[in-house]
Amino acid sequence: MTVYEHGVDAVVALVERFQEHITNLEARIQVLENQTASYCRNSSKPPSSDSYSKRPKSQRPKSKRSSGGQKGYPGSTLPWSEIVDEVFTYRVFLYGSCGASLMVL
């Protein structure tokens, strides 16, 4: 049974419902477009909140050199010491951001 068989009032009611639905969808599209337009580089949002958007390309020209240290250079780090002079234990009693006690844990 088509809506036309129910009369003009039924057709008008259907068009009004469609118009309301279209208005809701346009508002939703606007919200989604605003979300994709802002990301961590142009808003105060952290990078973890960025959606799956493309990152901007670097403005730096490509270099012919490879990244990292020079070839053949051994490099060195400080070795671990078997004999320790002092050991410091730092105890935290309050949570930093809200000041809640950590003594319960």
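Since the model is a prediction, treat every value here as computed from it, not as a measurement.

Peer 1: Please explain the overall build of the chain as it appears in this structure.
Peer 2: The secondary structure content of the chain amounts to 1 helix and 0 strands. Relative to its full complement of 105 residues, the chain shows a buried share of 2%. Carbon and sulfur atoms make up 57% of the accessible area of the chain, which amounts to about 11300 Å² in all.

Peer 1: Explanation requested: the packing of aromatic side chains in the structure shown.
Peer 2: What characterises a pair of aromatic rings is the spacing of the ring centres plus the angle enclosed by the ring planes. The tally for this structure, following the rule as stated, stands at 1 aromatic pair. On the basis of an interplanar angle of 25° and a centroid distance of 6.4 Å, the ring pair of F88 and Y90 is categorised as stacked. Residue F88 is classed as exposed on the basis of its relative accessible area, which comes to 57%. Residue class for Y90 comes out exposed when judged on its relative accessible area of 72%.

Rules behind the numbers
- Residue positions are counted from 1 within each chain, in the order its sequence is given.
- Reporting of local features is limited, given that this is a predicted model, to residues whose pLDDT is at least 70; pairs of side-chain atoms are given and counted only at 80 or more, and all residues count toward the totals for whole chains, interfaces and linings.
- The side-chain quantities take in all heavy atoms of the structure and omit both hydrogens and water.
- A run of DSSP states H or I qualifies as a helix once it reaches four residues; a run of E qualifies as a strand once it reaches two. Both are numbered from the N-terminal end.
- Throughout this description, buried means an accessible area under 20% of the type-specific maximum (1.4 Å probe, protein chains only), exposed means over 50%, and partly exposed covers the range between.
- Computed by Shrake-Rupley with a 1.4 Å probe, the accessible areas treat only the displayed protein chains as cover when residues are assessed.
- Whether two aromatic rings pair depends on their centres lying within 6.5 Å, for rings of Phe, Tyr and Trp, where Trp uses its six-membered ring; planes under 30 degrees apart make the pair stacked, over 60 edge-to-face, and the rest tilted.

Any link to function would need more than the numbers given here.
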